Amino acid sequence: MVDKEFRKILCNRIIALRKKYKLKQEQLALQSGIAKGGLSEIERCKKTPSTYTIAKICSGLGITIDEFFAFDEIRNYMDKL
């Protein structure tokens, strides 16, 4: 079971990156090779993305997994563990 706070951080990160790259959900889903409904569930924190799904989203965004996880909110969360 994934911690709700961690899931929210992941979901918000995906939304922030999608908006940063000016993509609609449908565009990111298509570029990532995932279902739009699945991406929507992830962004609404209804579903926790697997590592594989995060990797696919990173590919769709044109970023590395390192870049995905390189932000203060995740660092602060990890410091609390």
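See the structure shown above.
Parameters and conventions
Residues numbered from 1 in each chain as written. Predicted model: local features only at pLDDT ≥ 70, side-chain atom pairs only at ≥ 80, totals over all residues. Heavy atoms only, no water. Axes fitted to C-alpha atoms, helices over the stretch in contact; angles between N-to-C directions. Helix = DSSP H or I, 4+ residues; strand = E, 2+ residues; numbered from the N terminus. Parallel < 35°, antiparallel > 145°, perpendicular 65-115°, else oblique. Contact = heavy atoms within 4.5 Å. Nonpolar A, V, L, I, M, F, W, Y, C, P; charged D, E, K, R; others polar. Core = buried A, V, L, I, M, F, W, Y, C linked by side-chain atoms within 4.5 Å. Buried < 20%, exposed > 50% of the residue type's maximum accessible area, 1.4 Å probe, protein only. Left-handed = near helix turned anticlockwise from the far one by under 90°.

Novice: For this particular structure, what's the right way to read the packing of helix H1 (residues 4-20) against helix H3 (residues 36-43)?
Specialist: In a packed pair of helices, the relevant descriptors are the angle between the two axes and the axis-to-axis distance. Running from N to C, H1 and H3 point in directions that differ by 120°, and their axes come no closer than 8 Å. It follows from the interaxial angle that H1 and H3 lie oblique. For the pair H1 and H3, contact is made by Cys11, Ile14, Ile15 and Arg18 and by Leu39, Ile42 and Glu43, respectively. Looking at the contact of H1 with H3 residue by residue, the classes come out as 5 nonpolar, no polar and 2 charged.

Novice: For this particular structure, what's the right way to read the nonpolar core?
Specialist: One recurring pattern in soluble globular proteins is that nonpolar side chains are buried together. Ranked by size, the top nonpolar core spans 17 residues in total, and within it Ile14, Leu28, Leu39, Ile57, Leu61, Ile63 and Phe68 carry the most contacts. Mapped by element, the contributors of at least two residues to this core are H1, helix H2 (25-32), H3 and helix H4 (51-61). Dropping the residues within four chain positions of it, isoleucine 14 is found in contact with Leu28, Leu39, Ile42, Glu43, Pro49, Ile57 and Phe68.

Novice: Whenever I open this one, the packing of H1 against helix H6 (residues 72-80) confuses me. Can you help?
Specialist: Remark: H1 packs on H6, axes separated minimally by 10 Å, with the N-to-C direction vectors making an angle of 165°. The orientation of H1 relative to H6 falls into the category roughly antiparallel. Taken as a pair, H1 and H6 cross one another with a handedness that is left-handed. For the pair H1 and H6, the contacting residues are Glu5, Phe6 and Ile9 in the first and Glu73, Ile74, Tyr77 and Lys80 in the second.

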